[in-house]
Amino acid sequence: MNKKIFTIIETLMVGVLVFALTITNALSALDYIARDSIYQIPRGIDSNIKIIGIDEKTMSQYGPAQTWSRSRYAQLIEKLNESEDSKPLIIAFDIQFSGNVDEGDDEFAQAAKESGNVVVVDQLIYGKTAQTDENGNTYIEESVVGTDEPYDALGESVKIGYSNVSLDSDGVVRRIIPEEMVGDKTYQMFSNVIYQEYCRLTNITPNKIPTDKTGRSLINFSGEPGDYEYISLCDVMNGAIDSRAFGDSIIFVGAYAPGMQDNFEVPSGGSEQMYGVEIHANILQSYIQERFAVEGSPYIYGLITAVIAMLITLLFRKLRPWQTLIVLVVTIIGEALILIAINNSGKAFSVIYLPVVLAVAFVVHLAREYILEKKRKKEVLKAFSKYVAPQIIDEISKGGDFQIKLGGENRDIAVLFVDIRGFTTMSEALEPEQVVEILNEYLALTTKSIFDNSGTLDKFVGDATMAVFNSPFDLEDYEFKAVCAAMDIVNGGRELEKVLLEKYGRSVGFGVGVNVGPAVVGNIGCEFRMDFTAIGDTVNTAARLEANAKKGQVLISDVLYERVKDRVEVKEIGEIPLKGKSKGVFVYEVTEVHR
């Protein structure tokens with residue numbers, strides 16, 4: 001029950017966290033980075049949009065742009081229009097022309113009027129003003145307080161749009177405000193005005209782009225900095241470029257040098273900034289291709305992603321770590337692909353919150369699995385410590401390798417059986433409490449002798465004990481260690497016999513049989529009751545040897561003797577018949593071991 005409650009609480013926490021982060025956009029800086037990486041994938045620029053740049057090459061030839069007479073711009077218009085059959089569709093100046101300078105002003109205004117396809121920029125001036133809400137409370141709001149417009153003669157000859165762009169909190173240009181109200185007058189953005197002119201000249205019905213409640217739209221950039229075809233203004237003026245190359249194109253004219261302070265951070269630029277004239281080219285292409293987007297409802301998306309996060313969190317608990325990693329990666333990729341498709345349809349949502357929370361849930365899942373696995377290993381080691389020698393447990397703890405094959409495996413093992421001689425007669429003569437005490441002393445002795453020689457205690461059967469060596473773990477020199485354990489039991493039995501004789505007036509002794517050979521080792525039984533043990537003829541022979549051993553005797557088979565004969569002293573018993581075997585076994589009694 002506690003596990004189920006914990007699962008429910010954890011799942012709900014994941015859902016609540018995804019929902020809360022999504023609606024608050026608490027990690028907006030990281031979200032912007034993620035959104036830029038999937039939404040602002042360059043889609044290819046429109047070759048009919050070209051840029052004539054006022055670059056360092058131009059300024060080195062003509063001097064700083066702010067010192068120019070505006071007659072130079074009149075000459076540029078004339079140059080672009082010199083071919084009657086191949087004129088630009090629109091010439092758009094992203095340059096501020098406020099106030100009068102010289103006689104070149106009228107020349108520029110006249111050239112623009114005759115061309116009939118010129119668009120220039122003005123600038124909205126923002127300031128903080130006091131506003132009053134419906135309850136009569138005063139608050140401060142940033143709003144348009146004025147405009148910086150072109151000089152009168154030019155303003156009467158061209159179309160005008162403001163060049164202001166909207167910066168996000170991280171200083172990156174991602175949004176535009178297509179139009180702003182200043183008093184009773186509506187002002188259009190520069191790119192919007194160019195688009196309206198484009199539609200008029202090409203007989204296309206303009207589409208109104210979607211905006212959010214603040215009047216903003218998200219730009220889907222078509223290119224990176226430098227992607228649009230760019231020509232130096234001085235090359236155009238010097239005739240290095242045939243004017244027919246600009247036929248039916250939309251021409252942007254503007255700053256194209258770092259020192260002119262018209263460059264901005266954009267989502268498609270990476271560490272490189274984009275000039276304002278390029279930004280307007282991207283915005284115009286978004287207008288033409290209808291690729292703006294607005295923020296979708298964070299509440300709806302937060303609810304959807306919260307449910308998905310909770311379902312995946314529940315799925316994590318049913319899968320292995322490598323499977324959860326696959327699910328996590330597939331979820332992240334799937335969300336990205338879905339959001340790209342939604343963005344192309346005009347909606348944008350936060351990107352990172354579902355992946356981030358699921359990644360945290362994944363780490364928590366791994367940590368939990370690690371802790372549970374450590375706990376499980378500890379429990380297994382604790383359980384095996386009752387059957388396996390402590391030094392083996394220590395070695396397993398260091399290496400962590402304690403896997404045992406389920407169902408059984410063939411192993412070469414040494415098997416030891418030991419039994420109390422005269423136990424039945426003794427148990428009839430003593431009180432039950434005394435019998436149990438004697439039996440416990442005996443079991444303590446046999447267990448210690450087995451463990452001291454790195455054996456595995458297999459089972460107790462009444463007053464008999466079975467031990468195996470080289471199972472379930474590999475054990476070096478297991479044949480000799482099994483014989484040493486048998487001798488330790490017999491020798492310890494002599495000391496125990498003296499104690500019991502003095503205490504109870506009764507003596508006990510041990511008979512031990514040891515054999516070596518192949519056996520099947522594994523979990524024997526059924527699903528609800530299993531026993532890890534060894535079975536086979538090797539085990540049966542060891543049991544028969546023990547049954548034939550007299551008090552204080554250690555009997556070993558000839559097979560075992562051949563493996564340890566250089567380190568033991570024996571006395572030949574000869575071939576003896578063993579119950580259940582058609583052929584007898586040659587048997588030796590071990591009298592001494594040389595460790």
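Per chain, the residues get numbers from 1 upward, laid out in the order the sequence is written. Per-residue local features are limited, in this predicted model, to residues with pLDDT of at least 70; the limit for side-chain atom pairs, both in listing and counting, is 80 or more; totals at the level of whole chains, interfaces and linings are taken over all residues. To obtain the side-chain values, all non-hydrogen atoms of the structure were included, while hydrogens and water were left out.

## Quick look at the overall build of the chain
Note the cut-off: Secondary structure elements are taken from DSSP: a helix is a run of H or I of four residues or more, a strand is a run of E of two residues or more, and numbering for both begins at the N terminus. For a compact globule the rule gives 2.2 Å times the number of residues to the power 0.38, and the radius of gyration it is set against comes from C-alpha atoms. The method behind every accessible area is Shrake-Rupley, applied with a 1.4 Å probe, and residues are considered shielded solely by the protein chains displayed. His is not counted, nor are the chain ends; Lys and Arg add positive charge and Asp and Glu add negative charge. Here the site of a charge means atom NZ of a Lys, CZ of an Arg, CG of an Asp or CD of a Glu.
Broken down by element type, the chain carries 18 helices and 24 strands. Taking 2.2 N^0.38 as the reference for a compact globule, 595 residues should give roughly 25 Å; the C-alpha atoms of the chain span a radius of gyration of 46 Å, well beyond that estimate. Seen through its principal axes, the chain has C-alpha atoms that stretch 135 × 65 × 40 Å. Roughly 30100 Å² of accessible area belongs to the chain as shown, and the carbon and sulfur atoms make up 53% of that amount. Mean positive and mean negative side-chain charge positions of the chain (57 and 83 charges, respectively) differ by 13 Å.

## Structural notes on the packing of aromatic side chains
Basically, it comes down to this: Any two of the Phe, Tyr and Trp rings considered here, Trp counted by its six-membered ring, make a pair once their centres fall within 6.5 Å; the pair's planes then place it as stacked at under 30 degrees, edge-to-face at over 60, or tilted in between. When a residue's accessible area, from a 1.4 Å probe over protein chains only, is under 20% of the maximum for its type it is buried; when over 50% it is exposed; and in between it is partly exposed.
Going through the model one piece at a time under the given rule, you end up with 19 aromatic pairs. Ring centres of Tyr195 and Tyr287 lie 5.1 Å apart, and the angle between their planes is 25 degrees; this geometry places the pair in the stacked category. Here Tyr287 lies in helix H9 (residues 276–289) and Tyr195 lies in helix H7 (residues 190–202), a separation of 92 residues in the sequence. Note on Tyr195: relative accessible area 3%, which makes it buried. Geometrically, the ring pair formed by Tyr561 and Tyr588 is stacked, given 4.1 Å between the ring centres and 25 degrees between the ring planes.

## Observations concerning the sheet that holds strand S10 (residues 217–218)
Applied cut-off: One requirement defines pairing of two strands: DSSP has to find at least two bridges between them.
Across the sheet, three strands lie side by side as S6-S7-S10; this open sheet has antiparallel pairing. Edge positions in the sheet fall to strand S6 (166–167) and S10, since each of these pairs with one other strand and no more. Of the pairings in the sheet, the one linking S6 to strand S7 (residues 173–176) comprises two bridges and is antiparallel in character. Along S7, the bridge assignment pairs Ser166 with Arg175.

## Re empty space enclosed by the protein
Which entries qualify depends on this criterion: Only protein atoms enter the calculation, which uses a 1 Å grid: trapped sets of points that fit a 1.4 Å probe without letting it out are cavities, open sets showing protein on both sides within 12 Å along at least five of seven lines are pockets, and any residue with an atom within 4 Å of a point is a lining residue. Grid points are joined across faces, edges and corners, and a volume is the space filled by probe spheres set on the points. Nonpolar residues are Ala, Val, Leu, Ile, Met, Phe, Trp, Tyr, Cys and Pro. Charged residues are Asp, Glu, Lys and Arg, and all others, Gly as well, are polar.
This model, assessed by the stated rule, comprises two cavities of 30 Å³ or more. The volume enclosed by the largest cavity comes to roughly 70 Å³. Counting residues per element, the ones that place at least two in the lining of the largest cavity are helix H2 (28–39) and S7. Here the lining of the largest cavity is composed, by residue class, of four nonpolar, three polar and five charged.

## Considerations on the side chain of Gln40
As a reminder, the rule being used: Counted as a polar contact is a pair of N or O atoms within 3.5 Å, where, for protein atoms, one must be capable of donating a hydrogen and the other of accepting one, and residues adjacent in sequence contribute only when both atoms are in side chains. Contacts are assigned to residue pairs with any non-hydrogen atoms lying within 4.5 Å of each other.
With respect to the element layout, Gln40 can be found in the loop between H2 and strand S1 (49–54). Look at Gln40 and you get buried, because its relative accessible area is 9%. Within the structure, the side chain of Gln40 is placed 2.8 Å from the backbone nitrogen of Phe221, a separation counted as a polar contact. Setting aside anything within four residues of it in sequence, one finds Gln40 in contact with Arg35, Ile219, Asn220, Phe221, Pro267 and Ser268.

## Some points on the environment of Val253
Within the fold, Val253 resides in strand S12 (residues 250–255). We classify Val253 as buried; its relative accessible area is 0%. In the structure, Val253 is positioned 24 residues away from Val277 in sequence and 7.1 Å away in space, judged by C-alpha atoms. Setting aside anything within four residues of it in sequence, one finds Val253 in contact with Ile52, Leu76, Ile91, Ala92, Phe93, Asp94, Ile95, Leu233 and Val277.

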